[in-house]
Amino acid sequence: MKNKDVLNNQKVLLVYSGGLDTSICIPWMREELGYKEVITVTVDVGQEKSDIAQAEEKAKAMKTTHFTVDAKEEFIEKYCWPAVQANGDYQGYPMSTSIARPLIAAKAVEVAEKLGVNAFAHGCTGKGNDQYRIEFGIRSKMPNAVIHAPIREHNMTRSWEIEYAQKKGVPIQQSLNKIWSIDENLWGRSIEGGRLEEPDFAPPEEIFQWTKSIDNAAAKAETLTIRFKNGVPVALNDKASSPASLVMQLNTMAGNHGIGRIDVMEDRMMGLKVRENYECPASTVFLKAHKALENLVLTRDEIRFKALVDQEWSKLAYEGLWWDPYKDDLEAFIQSTQKRVTGDVSLRLYKGQVTVTGRTSTWALYSEDLASFDTTTFDQRESTGAVKNFGLQARMFGQLLKKHQKDL
Ligand code: ARG
């Protein structure tokens, strides 16, 4: 290694999931790059407990210094709730994988800082979005970081990795049995790979773990009330609990009704179109309820302009530009609108569908007395003049056309 920082330190921090890509980085860091010590960090954002345990076991077997960081509450409060406030969505996907990456990067940097390490490694390929998100995240928090991406830098393929792992004694039995590439956290579960790479291959039932099929979904509809305070969920059916616990409860509840299966063609940052499947029960329901409440309390111009702001916010979130000042600018507007997004939304969960059935708020810009068919508080006669002059310029244009069409 030529880089002075690396030579001085001899330690590298690997952002570790326990999967094949990140596991082969362990011998690679030691043998190809000459690091004396590999530190592995797994950030718990709500992936399966067995995945966390597996990462710990593999780290132990491969003698790294291992850390598991529980970031579940922080993930929901600081990453998913802002996504709700921004109606966070990219091409129909609530961005569960996307918004977890900056947090994973930030936690890795926190550990590195404590240990005085400034060299990092990750297992992202050169085809995906995560390389952008992880590297931007690390460099935002530690500008002088040295970052290795062996899978990308050496154009590795899965079969090459398997062979290398077997040669180096990296435990990969679980990876060999895996057909699908899964990424999971409390906001959603992403499923890629295998035959899902064929865009016209119908997703087989076995890829789903959190959501029941329509056939097996609960036979009876369930009603649910979500309370929001400042655009953020605070209680389910009148019961307040912690952010992560609200999401976990709703994942179970909505999953039981088969809600939140998403199958899309997605445009990755590189320009690659890929076929993605997601299971996002809680996020689907929270996002729908939040929008319903905004529609009750925000003005029509706020709603129209906020849709543009939300879209800009979502693009930044998808790209992992979590610490871009543009995001702060957009959030200044978003936060200002969310002060009034407080109230209750009632929903019905049934056979793959979530339907809004009611909404209330002290900030509702709604008056039954004004809108009703049965009242005269809003004096219809006063509309006559406003209606008469509506579209004045367009009407004038129409008259001009009659006269001068031939000149155009
Ligand atoms: N395409 C999604 C994103 O970029 C999810 C990628 C999930 N990764 C996986 N291994 N399934 O946010």
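Scroll up a little and you will see the structure.
The rules behind the values
Residues numbered from 1 in each chain as written. Predicted model: local features only at pLDDT ≥ 70, side-chain atom pairs only at ≥ 80, totals over all residues. Heavy atoms only, no water. Helix = DSSP H or I, 4+ residues; strand = E, 2+ residues; numbered from the N terminus. Buried < 20%, exposed > 50% of the residue type's maximum accessible area, 1.4 Å probe, protein only. Contact = heavy atoms within 4.5 Å. Lys, Arg positive; Asp, Glu negative; His and termini not counted. Charge placed at Lys NZ, Arg CZ, Asp CG, Glu CD. Near = heavy atom within 4 Å. Polar contact = N/O pair within 3.5 Å; in protein donor to acceptor, adjacent residues only side chain to side chain. Nonpolar A, V, L, I, M, F, W, Y, C, P; charged D, E, K, R; others polar. Expected span 1.5 Å × (residues − 1). Axes fitted to C-alpha atoms, helices over the stretch in contact; angles between N-to-C directions. Parallel < 35°, antiparallel > 145°, perpendicular 65-115°, else oblique. Left-handed = near helix turned anticlockwise from the far one by under 90°. Pairing = 2+ DSSP bridges. Salt bridge = Lys/Arg side-chain N within 4 Å of Asp/Glu carboxyl O.

Helix and strand content of the chain: 16 helices and 14 strands. Each principal axis of the C-alpha distribution contributes one length, and for the chain these read about 85 × 60 × 45 Å. Expressed as a percentage of its 408 residues, the buried residues of the chain come to 49%. Sequence-distant contacts, at least 24 apart, represent 73% of the contacts inside the chain between residues at least 6 apart. Between the averaged position of the 52 positive side-chain charges in the chain and that of its 55 negative side-chain charges there is a distance of 2 Å.

A separate point is the site of the ligand. Contacts to the ligand come from 14 residues, most closely from Tyr93, Asn129, Ser181, Glu266 and Glu276. Take Tyr93: an N or O atom from its side chain is 2.6 Å from an oxygen atom of the ligand. Interatomic distance of 3.0 Å between a side-chain N/O atom of Arg133 and an oxygen atom of the ligand. At the level of elements, α5 (96–115), β6 (181–185), β7 (188–192) and β12 (273–279) are the ones that each hand at least two residues to the shell around the ligand. The biggest single contributor to the shell around the ligand is β6, with three residues. For the shell around the ligand, a count of residues per class yields four nonpolar, five polar and five charged.

Taking 1.5 Å of rise per residue, 19 residues should cover 27 Å, and helix α12 (residues 300–318) covers 27 Å from first to last C-alpha, within 8% of that figure. Of the residues making up α12, those classed as buried are Glu302, Lys306, Val309, Asp310, Trp313, Ser314, Leu316, Ala317 and Tyr318. Close packing links the buried residues of α12 with α4 (72–85), α5, α6 (130–141), β11 (261–267), α11 (281–297) and α13 (325–338). Where α12 ends, the next residue or the one after it, Gly320, has phi of about 75°, a positive value.

Turning our eyes to something else, we now look at the packing of α4 against α5. Between α4 and α5, the least distance of the axes is 10 Å, while the angle of their chain directions is 140°. Comparing their axes, α5 and α4 come out oblique. The crossing of α4 and α5 is right-handed. Residues Glu74, Phe75, Tyr79, Cys80 and Ala83 of α4 form the contact with α5, whose participating residues are Ser96, Ile99, Ala100, Pro102, Leu103 and Lys107. The residue makeup of the contact of α4 with α5, split by class, is eight nonpolar, one polar and two charged.

So, on to the sheet that holds β6. With antiparallel pairing, four strands are arranged side by side in an open sheet as β6-β7-β12-β11. Of all strands in the sheet, those with a lone pairing partner are β6 and β11, marking the two edges. The sheet shows a mean angle of 25° between the axes of neighbouring strands, direction not considered. Across five bridges, β6 lies against β7 in antiparallel orientation. Within β7, the position partnered with Ile182 by the bridge is Ile191.

Note on placement: Val247 falls in helix α10 (residues 243–256). Considering only alpha carbons, one finds Val247 and Leu272, 25 residues apart in sequence, at a separation of 31 Å. Sequence-distant contacts of Val247, that is, excluding residues within four places in its chain, are made with Ile76, Trp81, Leu186, Trp187, Ala282 and Phe286.

Taken N-terminus to C-terminus, the directions of helix α2 (residues 20–31) and helix α8 (residues 158–168) make an angle of 55°; their axes are 10 Å apart at the nearest point. By the angle between their axes, α2 is oblique relative to α8. Regarding α2 and α8, the two cross each other, and that crossing is left-handed. For the pair α2 and α8, contact is made by Leu20, Asp21, Ile24, Pro27, Trp28 and Glu31 and by Arg158, Trp160, Glu161, Ile162, Tyr164, Ala165 and Lys168, respectively.

Taken as a whole and assessed by the stated rule, the structure comprises 29 salt bridges. Here the residues in one salt-bridge network are Arg101, Asp130, Arg133 and Asp183, joined through shared partners.

A word on the sheet that holds strand β8 (residues 222–229). Taken together, the five strands give an open sheet; going across it, the order is β10-β9-β8-β13-β14, and neighbouring strands pair in antiparallel fashion. Every interior strand has two partners, whereas the edge strands, β10 (239–240) and β14 (353–360), have only one. The pairing of strand β13 (residues 343–350) with β14 spans seven bridges and is classified as antiparallel. Looking across to β14, one finds that Leu349 is bridged to Val354. The strands that α10 touches are β8, β9 (232–236), β10 and β13; relative to β9, the one it contacts most, it runs at about 65°. Sheet strands in contact with α11 are β8, β9, β13 and β14, and its direction is about 35° off that of β14.

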